[in-house]
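So you can see what is in the structure, the chains are spelled out below.
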Amino acid sequence: MRLTLAMTAACLGIVGIATGDPAHASIKQPTDIPAQGLGPALTSLAKEFDFQVLYRTEVVGTLRTQGVSGAMTAPEAI
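This section reports on the structure supplied with the text.

Cut-offs and rules
- Residues numbered from 1 in each chain as written.
- Predicted model: local features only at pLDDT ≥ 70, side-chain atom pairs only at ≥ 80, totals over all residues.
- Heavy atoms only, no water.
- Core = buried A, V, L, I, M, F, W, Y, C linked by side-chain atoms within 4.5 Å.
- Buried < 20%, exposed > 50% of the residue type's maximum accessible area, 1.4 Å probe, protein only.
- Helix = DSSP H or I, 4+ residues; strand = E, 2+ residues; numbered from the N terminus.
- Contact = heavy atoms within 4.5 Å.
- Salt bridge = Lys/Arg side-chain N within 4 Å of Asp/Glu carboxyl O.

Generally speaking, soluble globular proteins have nonpolar side chains that are buried together. Among the nonpolar cores identified, the biggest contains eight residues, and these are Ile 33, Ala 41, Leu 45, Phe 49, Val 68, Met 72, Ala 74 and Ala 77. Looking at this core, the elements with two or more residues in it are helix H3 (38-49), strand S2 (68-72) and helix H5 (74-77). The element best represented in this core is H3, accounting for three residues. Not counting chain neighbours up to four residues away, the residues in contact with Val 68 comprise Thr 31, Asp 32, Ile 33 and Ala 77.

Next up, the structure:
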């Protein structure tokens, strides 16, 4: 009985942690990334919002951004 209760509490704790992150993604914050190459822009965005971005350098190597400025969430900035 105690083991079942402990396992239930652990599972609920893990579910709570796993579902808590979307709230962080919906927070707007001031963002100012100038027009530049896509690789450096993604790196700047990742630092501002504290997340990781994976991309292939040969795919984004020649692409450029128009830049982004204002209060926005990470998905809006991308």
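We now examine the environment of Gly 39. Secondary-structure assignment places Gly 39 in helix H3. Put simply, Gly 39 and Leu 54 are 15 residues apart on the chain and 9.9 Å apart in space, counted from C-alpha to C-alpha. Not counting residues up to four positions away in its chain, the partners in contact with Gly 39 are Tyr 55 and Val 60.

The next thing to look at is the side chain of Thr 31. Along the chain, the position of Thr 31 falls in strand S1 (residues 29-33). Judged by relative accessible area, which is 4%, Thr 31 ranks as buried.

One pass over the structure, following the stated rule, counts two salt bridges. Residue Glu 76 is joined to Lys 28 by a salt bridge in which the shortest nitrogen-to-oxygen separation is 3.6 Å. Of this pair, Glu 76 sits in helix H5 while Lys 28 is found in the loop between helix H2 (21-25) and S1, placing the two residues 48 residues apart along the sequence. Classification of Glu 76 as partly exposed rests on a relative accessible area of 44%. The partner of Glu 58 in a salt bridge is Arg 56, with the nearest N and O atoms 2.7 Å apart. The exposure classification of Glu 58 matches that of Arg 56, with both residues exposed.

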